[in-house]
Amino acid sequence: MISLKQLHYALAIEKTLHFKKAAEACNVSQSTLSIAINELEKHLGVTIFERNNKQVLITDNGRLILNKAKKIKLELDELLQVSQINKQPFSSPMTIGVIPTIGPYLLPKVLPEMRRKYPDIRLKIVEEQSHVLVDKVRSGDIDAAVLALPFPIEGLMRFDFWQEDFYWVSHKDECPSQMQEITSEELEVEKLMLLREGHCLKDHALAACSLQSQQQNADFDSSSLHTLVQMVAGKLGSTLVPQMALDQLIYDESELRAVHLNEPGPHRTIALVIRPNYVRTNEIILLQGIFNGQLTEKCELIKG
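Residues numbered from 1 in each chain as written. Predicted model: local features only at pLDDT ≥ 70, side-chain atom pairs only at ≥ 80, totals over all residues. Heavy atoms only, no water.

(A) Just the sheet that holds strand β8 (residues 181-182), in detail. A sheet is described by the order of its strands in space; here 4 strands give the open sequence β8-β10-β7-β9, paired in mixed fashion. Edge positions in the sheet fall to β8 and β9 (239-242), since each of these pairs with one other strand and no more. Judged from the 4 bridges that link them, strand β7 (residues 166-171) and β9 form a sheet pairing that is antiparallel. Along β9, the bridge assignment pairs W168 with L240. (Pairing = 2+ DSSP bridges. Helix = DSSP H or I, 4+ residues; strand = E, 2+ residues; numbered from the N terminus.)

Here you go:
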């Protein structure tokens, strides 16, 4: 008989392409894992992995089997979660993915309230870029992801909880004190510093200003909003920051000013994304309410 443990080991090898690392991830000895994979291949009459001293490769037939194994694992995970439906919310662990341009600014605002309402909540946070998190939601590696939309999420369900605009951030010496709004036409585009390619925040900022990627400052390459803001403080240029992040990035910097980007909005929507038929949808709806309530409360000063 094929066992779920064998499939679990096989999927670990697929992820690491290394028997020793897979064994460590599964908390078993390498010999235990190797024996289980040999038995699985013997039972199926198919070689799943080609291995030598230097590398592990997945065969064509092996790829088909591993794809089936992923579906079995996902169904099993959902079967186990069904048993939790009538229990207290968040009585089972939950893993949520979040992108780097949201996590540091969302989590401090919502985690205290989540802990207050559900003191026994067991939450794991995975930080990755949007495309990685979408794949992880689809494969069942994580329960849900917090994403900034628009972003391709075909086949998944979304639960919007926040909409926001961008703010132009500059050094106070380079921004008139009376300025409250700025349009994209008024921006000095050649001085505008945005995140490197691959971050959806950059795509959303460019879209809000109707700009092309090559129009903004290409001399600076960063994956961190905090670094961009520090560069602005050093008078190296200006940047665009989402409303959610203003309190942490701007208001402790007396040398900086934030001015609302006066372009049709909202400039981006933040949502929880899950698989269709996800059995813990009721808990996602609870999170949606907490996230919206806390962001509305904590960002009220910024809106004013």
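(B) Structural view of helix α2 (residues 19-26). Considered for burial, the residues of α2 that qualify are F19, A22, A23 and C26. Buried residues of α2, viewed axially, fall in a sector of 100°; they line one side. Exposed residues lying more than 90 degrees from the buried face of α2 are E24 and A25. Those residues of α2 that are buried lie in contact with α1 (4-16), α3 (30-44), β1 (49-51) and β2 (56-58). The first or second residue beyond α2 is N27, which carries a positive phi of 60°. (Buried < 20%, exposed > 50% of the residue type's maximum accessible area, 1.4 Å probe, protein only. Arc of directions from axis to C-beta. Contact = heavy atoms within 4.5 Å.)

(C) Geometry of the pattern of salt bridges. Following the criterion strictly, the structure yields 11 salt bridges and no others. E113 is the partner of R116 in a salt bridge, and the nearest nitrogen-oxygen pair spans 2.8 Å. Pair noted here: R116 and E113 are both in helix α5 (residues 103-117), with a separation of 3 residues, about one helical turn. On the accessibility criterion, E113 (16% relative accessible area) is buried. One connected set of salt bridges, linked through shared partners, spans E14, R63 and K70. (Salt bridge = Lys/Arg side-chain N within 4 Å of Asp/Glu carboxyl O.)

(D) Up close: the state of the cysteines. Following the criterion strictly, the structure yields 0 disulfides and no others. The structure places no disulfide on C209, whose sulfur is separated from the nearest cysteine sulfur, that of C175, by 15 Å. Overall, C209 belongs to the buried group, its relative accessible area being 3%. (Disulfide = S-S within 2.5 Å.)

(E) Region of interest: the nonpolar core. One finds V146 and F291 to be the most contacted residues of the largest nonpolar core, which totals 74 residues. The contacts of F291, once residues within four sequence positions are left out, are L106, V110, M114, V146, F161 and L272. One finds A23, L33, I48 and V56 within the second-largest nonpolar core, a separate group that totals 21 residues. (Core = buried A, V, L, I, M, F, W, Y, C linked by side-chain atoms within 4.5 Å.)

(F) Just α1, in detail. For α1, which comprises 13 residues, the first-to-last C-alpha distance of 19 Å matches the rise-based estimate of 18 Å (1.5 Å per residue) to within 8%. For α1, the complete set of buried residues consists of Q6, L7, Y9, A10, L11, A12, I13 and E14. Downstream of α1 by a residue or two, L17 has a phi angle that is positive, lying close to 50°. (Expected span 1.5 Å × (residues − 1).)

(G) Region of interest: the packing of aromatic side chains. Applying the stated criterion across every chain, the model contains 3 aromatic pairs. Relative to F49, the ring of F19 lies with its centre 6.2 Å away and its plane at 80°, an arrangement referred to as edge-to-face. Of the two residues, F19 sits in helix α2 while F49 sits in strand β1, which places them 30 residues apart along the sequence. Per residue, the accessibility class of F19 equals that of F49, and both read buried. Taking the centre distance of 5.1 Å and the plane angle of 70° together, the rings of F161 and F291 count as edge-to-face. Of the two residues, F161 sits in strand β6 (residues 157-164) while F291 sits in helix α10 (residues 281-298), which places them 130 residues apart along the sequence. (Phe/Tyr/Trp six-rings, centres within 6.5 Å; stacked < 30°, edge-to-face > 60°.)

(H) Looking closely at unusual backbone geometry. Following L149, the chain continues into P150 via a peptide bond in cis, with omega recorded as 10°. Inspection of the secondary structure puts P150 in the loop between β5 (144-149) and β6. Note the cis peptide between G265 and P266, where omega equals 0°. Within the secondary structure, P266 is located in the loop between β10 (256-261) and β11 (268-274). With a phi angle near 60°, N27 is a residue other than glycine that sits in the positive phi range.

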